[in-house]
Amino acid sequence: MDKGQDLRVAVIGAGPRGVSVLDRLLSRYLDLPAEDRPALEVCMVDPFNPGPGHVWRTAQSRQFLMNTPCLFPTVVPAGETAEELLPSPAGLSLGQWIRLMARDPAPSLNAGDREEIARLGAADFPSRALYGRYLEWTYARLVEAARQAGAAVVHYRAEALALHRGGTGFSIELAGEEPLAADAVVLAMGHLPAALTPEQNRLSDAASRLGLRYLPPAVPSDADFSVLPAGEPVLVRGLGLNFFDIMAHVTLGRGGAFVPTGKPAGRSLRYEPSGREPVLVAASRRGTPYRAKAKLDSYVPRSVKLRWFTEETAGRFAAEGIQPGFDHDLWPLLHRDAVWAYYSTLARTNPACLTVPAADFLADLEAALSVEGPDWDAAKEAVLARCVPAAHRTSLEALAQPLGRRPFAGPEDLDAEILRYLEDDAAGSAKGEDDPLKMAIGALNAGRSVLKAVVADGGLAEESWLTELRGWFEPLVEGLASGPPPERIEQLAALVRAGLVHFVGPDPRFDVDEARAVFTASSPWVSGEYAATTLVEAMMPPNRVNATLSPLLADLLHRGEARAKVMMAPNGTPVLTPGLDVSLPPYRPLDVKGQPQEDLYVLGLQLSSVQWGTAIAAEAGAPASAGSRTLRDADDIAAAVLSRGNSIPRESGTARTGTAAVRAGA
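Heads up: these notes are all about the structure in this document. (Residues numbered from 1 in each chain as written. Predicted model: local features only at pLDDT ≥ 70, side-chain atom pairs only at ≥ 80, totals over all residues. Heavy atoms only, no water.)

1. Focus: the overall build of the chain
Working step 1: Of the regular secondary structure elements, the chain holds 16 helices and 23 strands.
Working step 2: Scaling as 2.2 N^0.38, a compact globule of 666 residues should have a C-alpha radius of gyration of about 26 Å, and the chain matches this with 26 Å.
Working step 3: Each principal axis of the C-alpha distribution contributes one length, and for the chain these read about 75 × 60 × 60 Å.
Working step 4: Counting all 666 residues of the chain, 56% fall into the buried class.
Working step 5: Long-range contacts, defined as pairs at least 24 residues apart, comprise 75% of the intrachain contacts of the chain with a sequence gap of at least 6. (Helix = DSSP H or I, 4+ residues; strand = E, 2+ residues; numbered from the N terminus. Rg over C-alpha atoms; globule rule 2.2 N^0.38 Å. Buried < 20%, exposed > 50% of the residue type's maximum accessible area, 1.4 Å probe, protein only. Contact = heavy atoms within 4.5 Å.)

The structure is reproduced here in structure tokens:
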């Protein structure tokens, strides 16, 4: 592109992924010879503050925690990732930023930020508000870098309503603003509001008719949990991360306190109530919460080294022109690594439980796991039967049903069983690298990065993607590896002992008793039912483009300029998937005719039909093809945008500033 040309790029969504796009645009812009740089303007379109965006707002409750430790997330290349991509003008991961702020606090930090930073270590779990502060700081650094380079960054505090192609670029309709012209547009919209399901609509309608309270799926910081009535039962559907946000908000947030008992992990806390807590009655398909993260000083346990499911072995299928299936080709490799992580940890920490010397057991197990083809599983089972008593064995598949698909005599029996589960889980987290189960989960977590790289962009057969990877493995690994900080499980156990949390049981059913004007919750595995006048959906709005309430995305779909991706099930039935249908990187949405939309790009959650694990942040120091794939995708988009040949005149007559706009540069 000639220096005399202008380039205006609109990034719709100024949260973490929008910041990554801005970072990569500026890094590539600064890498150009000065004489080849266009007059660059980047328009960040978001009704929320750029950097934190919607989800990571800095004013939200500090009780809402991230489920990744400080050392994990980044929005710019950091550590080893910085060796693969051009250097960032901002350049710090969250962990690096926290260390810097501890030494030299920025003026933008408030007292709460400084207090939190002072007590955070690399392996601790920060609040979402503090992560938002990191994003805000990073954005400000990028704005300043743009200004010094002679480029401009403008924030339009408005929602994008529609996108129309005209001439050589686009016109973007903004709520309450004049239309914005742009040469190229990047959709980095993140979590979007979505329509309720038919069942949720039924429950919401019943609440309106009967005077009940129904809180639909929402970003936790958007929900008003103050309406949950003190001293009364509240039904909560979901035992993932949103549940723990609610739990913290109605206990710690209402003046309750968790007090150390001096007892071992699992029973290390007791709860002192304020008297203003509701009684939470929680349910999920599994019946139990997600397992807690282990206490580690690294994201992947240092003792876990993938030996069978490596990038080389998992990538050999594509190298040989084979499109693998998950169950047949990939899971057996990752399964081996998880088995090895479990039993090698067991042999190291509890060799007395084995019937043979630990070294002999491990040699035999390694030989069994190295057997080619399907016979490895039988060889492994033979070694375990000979060397490991049944009480010390595990089944990874059985972890998907932690309550064993067995009936319970009643609610008290179920609560007691889940309390044992919680106490065992908290104790395992406290052992860190010395807990066999947590190390098996650590191997699954390490495998997720490899899996992301292997299955992206059509690297997995469609029927396998639908019924295997997304069908059974994703729920399994989310429940095991995407759980809360360990302290949340300790706190939940204390609340169960205090009688402030009960559980419905697996496969719950939620209904409405019209005669009594109450919601009900029951499980086929537990006798009886719970009733309450309040029901909370403890989950985010689903990331399904066909259910979106985003005016912009809905308009693109309605006009056929984008479409949801359709895959074929094993029986030949077409299945509408949650994400957009896009080209190969840099990702451009495909229209109804299957043609890529030039100069329009997609990054993030709406890529869930061509990538796996899109909700996971970029991992600091991870390979750009795997754990930091988001950064590579942003870099690919930046390269494509800066190499385009079209431009618009600088004085086009369209709006260049927005309400409360933040501008840097000429």
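2. Thoughts on the nonpolar core
Working step 1: Counting residues in hydrophobic clusters, the biggest one holds 55 residues, and the most contacted among them are Leu330, Tyr343, Phe361, Leu365, Leu451, Leu469 and Phe473.
Working step 2: Of all the secondary structure elements, the ones that give two or more residues to this core are helix H7 (311-319), helix H8 (326-349), helix H9 (358-369), helix H10 (375-387), helix H12 (436-455) and helix H13 (462-481).
Working step 3: Non-local contacts of Leu451, meaning those with residues more than four positions away in its chain, are made with Phe309, Phe326, Leu330, Leu469, Phe473 and Trp612.
Working step 4: Core analysis: the next-biggest nonpolar cluster, separate from the first, contains 53 residues, Met101, Leu120, Tyr134 and Val641 among them. (Core = buried A, V, L, I, M, F, W, Y, C linked by side-chain atoms within 4.5 Å.)

3. Some points on H13
Working step 1: Taking 1.5 Å per residue as the helical rise, H13 with its 20 residues ought to reach 28 Å, whereas the 24 Å between its terminal C-alpha atoms falls clearly short.
Working step 2: The principal kink in H13, of about 45 degrees, is found at Phe473, preceding the proline Pro475 by one to four residues.
Working step 3: Among all positions of H13, only Ser464, Trp465, Leu466, Glu468, Leu469, Phe473, Glu474, Leu476, Val477, Gly479, Leu480 and Ala481 are buried.
Working step 4: Of the surrounding secondary structure, the elements contacted by the buried residues of H13 are H8, H12, strand S19 (564-568) and strand S20 (574-580). (Expected span 1.5 Å × (residues − 1). Bend = angle between axes of the 7 residues up to and from the residue.)

4. Brief notes about the pairing of strand S16 (residues 518-523)
Working step 1: Extensive coverage of S16 is indicated by the burial of five of its six residues.
Working step 2: In this structure, strand S15 (residues 509-513) lies alongside S16, joined through five bridges in antiparallel fashion. Looking at the pairing, Asp513 lines up with Val518 of S16.
Working step 3: Here S15 hands over to S16 after four residues, with Ala517 in that stretch at a positive phi of 55 degrees.
Working step 4: Of the strand pairs in this sheet, S16 and strand S17 (residues 526-532) are connected by four bridges, and their pairing is antiparallel. Bridge pairing links Ala521 to Tyr530 in S17.
Working step 5: Between the end of S16 and the start of S17, which pair antiparallel, lie two residues. (Pairing = 2+ DSSP bridges.)

5. Side note on the pattern of salt bridges
Opposite charge on two side chains permits pairing when their charged atoms draw close.
Working step 1: Following the criterion strictly, the structure yields 42 salt bridges and no others.
Working step 2: Across the pair Arg24 and Asp23 runs a salt bridge, and its minimum N-O distance is 2.9 Å. Note on accessibility: Arg24 and Asp23 belong to one class, buried.
Working step 3: A salt bridge links Glu561 to Arg559, with the shortest nitrogen-to-oxygen separation between them at 2.5 Å.
Working step 4: Given the relative accessible area of 30%, Arg559 is considered partly exposed.
Working step 5: Where salt bridges share partners, they join Glu199, Arg202, Arg237, Arg509, Asp511 and Glu537 into one cluster. (Salt bridge = Lys/Arg side-chain N within 4 Å of Asp/Glu carboxyl O.)

6. Focus on the packing of aromatic side chains
Working step 1: Tallied over the full model, the rule gives 17 aromatic pairs.
Working step 2: Ring geometry for Phe326 and Phe473: centres 4.8 Å apart, planes at 45 degrees, overall tilted. Separated by 147 residues along the polypeptide, Phe326 in helix H8 and Phe473 in helix H13 bring together distant segments of the chain. Here Phe326 and Phe473 have matching classes, each one buried.
Working step 3: Among the aromatic residues, those joined into a cluster by ring pairs are Phe326, Trp331, Trp472, Phe473 and Trp612.
Working step 4: If you follow Arg307 out to its NZ or CZ, it ends over the ring of Trp340, 4.6 Å from the centre.
Working step 5: The ring of Phe317 carries Arg316 above its face, with NZ or CZ at 4.9 Å from the centroid. (Phe/Tyr/Trp six-rings, centres within 6.5 Å; stacked < 30°, edge-to-face > 60°. Lys NZ or Arg CZ within 6 Å of the ring centre and 35° of its normal.)

7. A look at the sheet that holds strand S13 (residues 279-283)
Working step 1: Across the sheet, which stays open at both edges, the five strands sit in the order S9-S18-S10-S13-S14 with parallel pairing between neighbours. Where the open sheet ends on each side, the last strands, each with one partner, are strand S9 (213-215) and strand S14 (501-503). Each strand axis lies, on average, 20 degrees off the axis of its neighbour in the sheet, ignoring direction.
Working step 2: Examined bridge by bridge, S9 and strand S18 (residues 534-537) share three bridges and lie parallel to one another. Across the sheet, Tyr214 pairs through a bridge with Leu535, a residue of S18.
Working step 3: Packing of helix H6 (residues 241-251) onto the sheet brings it into contact with strand S10 (233-237), S13, S14 and S18, and relative to S13 it is tilted by some 175 degrees. (Axes fitted to C-alpha atoms, helices over the stretch in contact; angles between N-to-C directions.)

8. Topic: the state of the cysteines
Working step 1: Per the stated rule, a full pass over the model turns up zero disulfides.
Working step 2: Take Cys353: it sits in no disulfide, and the sulfur closest to it among the cysteines is that of Cys387, at 11 Å. (Disulfide = S-S within 2.5 Å.)

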